[in-house]
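Report on the structure
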Amino acid sequence: MREGQPGLDWEPAGLAEVVALFSKTPCPWWVAGGYAVELAVGRPFREHDDIDVLLLRQDQLAVQEVLTEWEWWAAYPPGSLRRWLSGELLPVGVHDVWCRPGPGAPWRIQVMLDEAEGETWVSRRDGRVRRPVERLGATAADGTPFLAPEVQLFYKAKAPRPKDAQDFAEVLPHLGREARAWLAEALSVVYGPHPWVEILQNR
């Protein structure tokens, strides 16, 4: 973080608050991160340091429309936060937006932007990993949209932390054959040999 930039304190919004806010937009959106895995499992099982929402880059301005009175800061690699101006379109390569209610307030929501070509989602990690946008997520019993767990696990697999390994273990029994096959193939294509692949193939 550079001099003059805002602090890094987080006080994550609750899941219900995020759902209430983003339900106002007609564009597709999904709860992501650890909460997405918990929604797939059907119960909470660990603590969360933040809360993530995924939108397609083409719908990025929906964030400003939903969080009208908030501050939005875009995370520019390799670690610089810049104010995101009203109506500004963020370039490819900038895919994280930190949101807070006002100056000096802790960060509450992190929005992630992913790519799409027409009706096809394209992983920002590797363009070879794709799937139809309509199959990018699922819906919980209460109507909450969440990122499909196999897609979330694909992102977590790059450098799995203990909490990522826990997420994988918890959601594995809930992954259908097609989801396991998709994840195993995506991991093999992008990461080569990966310890999760053998587990997925032997379930």
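Please refer to the structure placed before this passage.
The rules behind each value
- Residues numbered from 1 in each chain as written.
- Predicted model: local features only at pLDDT ≥ 70, side-chain atom pairs only at ≥ 80, totals over all residues.
- Heavy atoms only, no water.
- Helix = DSSP H or I, 4+ residues; strand = E, 2+ residues; numbered from the N terminus.
- Rg over C-alpha atoms; globule rule 2.2 N^0.38 Å.
- Buried < 20%, exposed > 50% of the residue type's maximum accessible area, 1.4 Å probe, protein only.
- Lys, Arg positive; Asp, Glu negative; His and termini not counted.
- Charge placed at Lys NZ, Arg CZ, Asp CG, Glu CD.
- Phe/Tyr/Trp six-rings, centres within 6.5 Å; stacked < 30°, edge-to-face > 60°.
- Lys NZ or Arg CZ within 6 Å of the ring centre and 35° of its normal.

Attention now moves to the overall build of the protein. Across its full length, the protein carries seven helices and ten strands. In summary, the protein has a C-alpha radius of gyration of 17 Å against a globular reference of 17 Å for 203 residues, a match within 12%. Along the first, second and third principal axes, the C-alpha atoms of the protein reach 50 × 35 × 30 Å. Put simply, the protein has 203 residues, and 51% of those count as buried. Positive and negative side-chain charges of the protein, numbering 22 and 29 respectively, have mean locations separated by a distance of 4 Å.

In this section: the packing of aromatic side chains. Taken as a whole and assessed by the stated rule, the structure comprises eleven aromatic pairs. Among the aromatic residues, those joined into a cluster by ring pairs are Trp121, Phe154, Tyr155, Trp182 and Tyr191. Over the face of the ring belonging to Tyr76 we find Arg82, whose NZ or CZ atom lies 4.1 Å from the ring centre. When the ring centre of Trp107 is taken as reference, the NZ or CZ atom of Arg100 above it lies at 4.6 Å.

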